[in-house]
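# Tertiary structure, described
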Amino acid sequence: MKKIILAVPKGRILDEVIPLFEKINIVPENEFFRDDSRKLMFKTNNKDLSLIRVRSFDVATFVALGAAQIGIAGDDVLNEFNYNEILKVLDLGIGKCRLSVANKKEKMKKEYQNKGHIRVATKYKNTVVNFFAKKGIRAECIKLNGAIELAPKLGICSTIVDLVSSGKTLEENNLIESEVLLKITSKLIVNKISFKVMNNNISKLIEKFKK
Ligand code: PRP
């Protein structure tokens, strides 16, 4: 198979991916840049390369299943799924942020340290359960898909685990960052089987990103 699909995440990271594409001469069709476009798959200036623009968590799933051969995903997503079928081939140095524990301001920092059980609002259930299990704490996760910082504000828990970049969202919601679980950058990922049977187009694309 010659044609390849590259999965890119929607949202903030896309703003950093676009300049990267410019540098390595990947030119997507115009609709790719339009937020109001309902299109999900996009052509590029290379007839053998198409792009899909999906949620960050779904980049990993599409690549693991071989639906997309290559993708761009953060360590947060890769760690949460821990897919065997994915290889990290390159640190792209974009999307720098961290996955952190944060607590209500009025509560003591690291209040969970003396507890055997904790309630945590997060998108990252597996990561959180494993992280607290190592401390001997059973984490009960409230799975949210966004606006995690609202959970302590509205009283359903006092601890969250979420992405922190500037720290502004935590501050505005009266939360204090107490511990970093993971430092994150975006990685270029490749489906393991696609990597093994490496066709020319995939290796050329990886080389371009490496340069
Ligand atoms: C992310 C993350 C935090 C925020 C952190 O949310 O979940 O809420 O950014 O950034 P900051 O430290 O610079 O304030 P995003 O805006 O991607 O939307 P979401 O809440 O829907 O996940």
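Up top you'll find the structure we're talking about.
Heads up: these notes are all about the structure in this document. Bear in mind the structure is a predicted one, so any value in this text is a computation, not a measurement.

## Describing the overall build of the protein chain
Scanning the protein chain for helices and strands turns up 8 helices and 11 strands. The C-alpha extent of the protein chain, read off along each of the three principal axes, is 55 × 35 × 30 Å. Taking all 211 residues of the protein chain together, 49% fall into the buried category. If you take every contact in the protein chain between residues at least 6 apart in sequence, the share linking residues at least 24 apart comes to 65%. A total accessible area of about 11,700 Å² is found for the protein chain, and carbon and sulfur atoms account for 50% of it. Both charge centroids of the protein chain, one from 38 positive and one from 24 negative side chains, sit 3 Å from each other.

## Side note on the layout of surface pockets
Each pocket or cavity is described by its volume, and for the largest pocket that value is around 990 Å³. Residue lining of the largest pocket: 37 residues in total, with R12, S56, K123, Y124 and L163 positioned closest to the centre. The set of elements that each furnish at least two residues to the lining of the largest pocket consists of helix 1 (12–23), helix 2 (56–64), strand 4 (70–74), helix 3 (75–81), strand 9 (159–164) and helix 6 (168–172). Class assignment of the residues belonging to the lining of the largest pocket gives a composition of 14 nonpolar, 11 polar and 12 charged. Looking at which domains feed residues into the lining of the largest pocket, each of domain 1 (4–95 + 185–210) and domain 2 (97–184) gives three or more. A volume near 280 Å³ is recorded for the second largest pocket. Taken together, 14 residues make up the lining of the second largest pocket; nearest its centre are K10, G11, L14, D35 and R53. Of the residues forming the lining of the second largest pocket, the biggest block, 3 residues, is contributed by helix 1. Each residue belonging to the lining of the second largest pocket can be placed in one class, and the counts come to 6 nonpolar, 2 polar and 6 charged.

Cut-off values and rules
- Residues numbered from 1 in each chain as written.
- Predicted model: local features only at pLDDT ≥ 70, side-chain atom pairs only at ≥ 80, totals over all residues.
- Heavy atoms only, no water.
- Helix = DSSP H or I, 4+ residues; strand = E, 2+ residues; numbered from the N terminus.
- Buried < 20%, exposed > 50% of the residue type's maximum accessible area, 1.4 Å probe, protein only.
- Contact = heavy atoms within 4.5 Å.
- Areas by Shrake-Rupley, 256 points an atom, 1.4 Å probe, with all protein chains shown as cover.
- Lys, Arg positive; Asp, Glu negative; His and termini not counted.
- Charge placed at Lys NZ, Arg CZ, Asp CG, Glu CD.
- 1 Å grid on protein atoms, 1.4 Å probe; cavity = no way out; pocket = protein on both sides within 12 Å on 5 of 7 lines; lining within 4 Å.
- Points joined across faces, edges and corners; volume = space filled by probe spheres on them.
- Nonpolar A, V, L, I, M, F, W, Y, C, P; charged D, E, K, R; others polar.
- Domains from an automatic or database assignment.

Take it as geometry only, folks, not as evidence of what the structure does.
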